[in-house]
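Below are the chains, spelled out letter by letter.
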Amino acid sequence: METKYIPEPFRIKMVETIKILSREERIKKIKDANYNLFNLRAEDVYIDLLTDSGTNAMSSKQWAGVMEGDEAYAGAKSYFKLLEAGKDIFGYEFIQPVHQGRAAEKVLFPLLMGPGKIAISNMFFDTTRAHVEIAGARAVDCVVPEAKDPSKRAPFKGNMDTERLEKLIEEHGPENIALIVMTITNNSAGGQPVSMANLKKVYEIGKKYGITVNIDAARFAENAYFIKKREEAYADKSIKEIVSEIFSYADSFTMSAKKDAIVNMGGLIGIKDDAELYQKVKGNTISFEGFVTYGGLSGRDLESLSIGLYEGIDEDYLNYRIGQMEYFAAKLDSAGIAYQAPVGGHGLFIDAAALLPHIDYREFPGQALAIQLYIEAGIRTCDIGSYMLGNDPDTGKQLKSDFEFTRFAIPRRVYTQSHIDIMVDSLIKIKEMANEVPGYKIIWEPPILRHFQAYLEPIE
Ligand code: F0G
């Protein structure tokens with residue numbers, strides 16, 4: 001069945017030129033980058049899908065807001081505008097701006113946990129896990145089993161496995177569980193949504209055992225849209241109403257505003273009503289980020305963020321945004337290319353293990369596909385698989401990931417239907433030549449987060 005492309009609910013007022021190098025040039029560039037896509041210069045990339053974070057296009061209203069930004073060190077007008085927007089949308093008493101998502105984690109998590117404690121999430125994003133560990137605690141993932149089967153279509157593959165959650169709490173003792181984190185949408189599982197029923201249930205479990213619940217809210221608006229489309233009781237509710245109910249099932253949130261709030265830089269912390277905790281958040285913000293009323297952002301950033309928060313929950317925009325993903329996914333269905341299905345909110349996660357079955361996980365199918373996409377079409381994606389996962393810290397052996405994905409993360413309001421068609425065509429081309437695509441070996445790697453820096457070489 002053909003899925004129609006939903007026309008952009010905007011017209012284009014400013015453009016940025018992109019250029020495509022020749023295939024020969026691309027082969028040379030990726031070799032010079034040691035087959036690591038993070039080492040490429042962005043100007044040598046034609047369609048850049050490395051991330052949807054901070055790569056979004058701001059609107060004319062947001063750019064007008066940039067000019068309105070109040071750059072006062074303390075008490076800026078733009079700060080109060082952001083507070084108003086935050087309180088209106090999330091319904092929380094306390095809103096604290098910070099410079100990005102990981103800064104929110106750095107400020108909040110040490111206040112909630114320490115050595116010997118455990119934090120449980122439907123799935124932690126890398127930096128979120130890192131900040132749990134930096135605070136001295138341990139991070140445990142507890143996603144529903146269907147998330148691990150890319151071909152299994154289920155409406156809410158991002159959900160927390162609530163039965164296992166309760167088992168974990170009983171096993172470790174509720175006094176040792178410092179925090180539950182609900183990541184919406186579940187990025188690591190493929191931008192998969194979490195249902196309202198699941199959010200509610202997890203919050204009830206938290207209340208039952210006296211455990212605080214925090215929402216990792218980077219893609220909260222896309223999650224709300226999926227709830228509207230897939231959870232019957234919400235079909236007639238506005239996105240804003242759904243968002244407000246989502247946040248009622250938590251005590252705090254940390255947010256990278258570089259995604260659904262459609263800005264290039266920014267983050268937020270929300271505290272529902274705990275004035276004592278907020279007092280401590282202010283203290284850490286001043287130490288790490290900047291004074292409370294700017295939190296590491298310029299006044300112009302605060303201004304465009306408060307506008308972006310509303311644009312991100314606009315239903316026409318979300319209809320187009322998720323429609324673009326569904327158009328992409330439907331074309332892959334027709335071409336018989338497997339991905340984490342159904343498609344999530346911010347990216348297409350191609351099942352590289354299925355596309356390149358001759359490449360063993362130790363030769364990194366997700367990375368091999370990412371490199372080939374650059375060579376064939378100048379498209380930059382990234383591996384979400386064994387290459388990213390790295391080595392066992394104890395044995396030094398390569399770990400085997402549950403998935404071997406190549407992620408096409410789609411920036412918001414940036415690329416058009418014809419760019420999506422190019423993505424599809426290049427995948428079809430690679431499918432046809434799949435057995436010529438080589439696996440890769442690492443010839444140099446740093447000890448931690450190696451995928452950002454490692455050098456690779458094709459295996460002849
Ligand atoms: N939480 C989630 C779910 C994220 O996806 C990210 C970032 C963060 C927290 C951290 O936010 O980058 O503003 O510090 N994800 C990006 C990505 C980088 O490409 O998926 P940040």
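Here, the structure is the one placed above.
Residues numbered from 1 in each chain as written. Predicted model: local features only at pLDDT ≥ 70, side-chain atom pairs only at ≥ 80, totals over all residues. Heavy atoms only, no water.

All right, on to the pairing of strand β3 (residues 118-121) then. Remark: a regular strand shows side chains that alternate across the two faces of the sheet. Neither face of β3 is exposed, since Ile-118 and Ile-120 on one face and Ala-119 and Ser-121 on the opposite face are all buried. The pairing of β3 with strand β4 (residues 138-141) spans four bridges and is classified as parallel. Residue pairing in the sheet places Ile-120 in a bridge with Val-140 of β4. Read from β3 through helix α5 (residues 126-134) to β4, the crossover connection turns out right-handed. Relative to strand β5 (residues 177-183), β3 runs parallel, the two being bridged by four bridges. Note on β5: the bridge partner recorded for Ala-119 is Leu-179. (Buried < 20%, exposed > 50% of the residue type's maximum accessible area, 1.4 Å probe, protein only. Helix = DSSP H or I, 4+ residues; strand = E, 2+ residues; numbered from the N terminus. Pairing = 2+ DSSP bridges. Right-handed = clockwise from strand over helix to strand, strands pointing away.)

By secondary structure assignment, the location of Glu-303 is in helix α11 (residues 299-312). Taking the C-alpha atoms as reference points, Glu-303 and Leu-40, separated by 263 residues in sequence, lie 32 Å from one another. When sequence neighbours within four positions are dropped, the list of residues in contact with Glu-303 reads Gly-65, Glu-68, Gly-69, Ser-78 and Lys-81. At a separation of 2.9 Å, a polar atom in the side chain of Glu-303 contacts the side chain of Lys-81. (Contact = heavy atoms within 4.5 Å. Polar contact = N/O pair within 3.5 Å; in protein donor to acceptor, adjacent residues only side chain to side chain.)

This part is about the layout of surface pockets. Over the atoms a probe the size of a water molecule is rolled, and this reveals where empty space is left. Empty space within the second largest pocket amounts to approximately 1,500 Å³. Only α2 (60-68) and α11 provide two or more residues apiece to the lining of the second largest pocket. The residue inventory of the lining of the second largest pocket, partitioned by class, reads 18 nonpolar, nine polar and ten charged. (1 Å grid on protein atoms, 1.4 Å probe; cavity = no way out; pocket = protein on both sides within 12 Å on 5 of 7 lines; lining within 4 Å. Points joined across faces, edges and corners; volume = space filled by probe spheres on them. Nonpolar A, V, L, I, M, F, W, Y, C, P; charged D, E, K, R; others polar.)

Attention now moves to the packing of aromatic side chains. Scanning all chains against the criterion turns up 22 aromatic pairs. The interplanar angle of 55° and the centroid separation of 5.4 Å between the aromatic rings of Phe-364 and Tyr-387 together place this pair among those described as tilted. Of this pair, Phe-364 sits in the loop between α13 (352-355) and α14 (365-377) while Tyr-387 sits in helix α15 (residues 386-389), and the two are 23 residues apart along the sequence. Side by side, Phe-364 and Tyr-387 carry an identical accessibility label, which is buried. Relative to Tyr-455, the ring of Trp-444 lies with its centre 5.1 Å away and its plane at 50°, an arrangement referred to as tilted. Taken as a pair, Trp-444 in strand β13 (residues 440-444) and Tyr-455 in strand β14 (residues 455-458) lie far apart in primary sequence, eleven residues in all. One aromatic cluster is present, built from ring pairs that chain together Phe-90, Tyr-92, Phe-220, Phe-247 and Phe-253. A cation sits over an aromatic face here: Lys-106 above Phe-288, 4.2 Å from the ring centre. The lysine or arginine in question, Arg-413, covers the ring of Tyr-317, its NZ or CZ lying 6.0 Å from the ring centre. (Phe/Tyr/Trp six-rings, centres within 6.5 Å; stacked < 30°, edge-to-face > 60°. Lys NZ or Arg CZ within 6 Å of the ring centre and 35° of its normal.)

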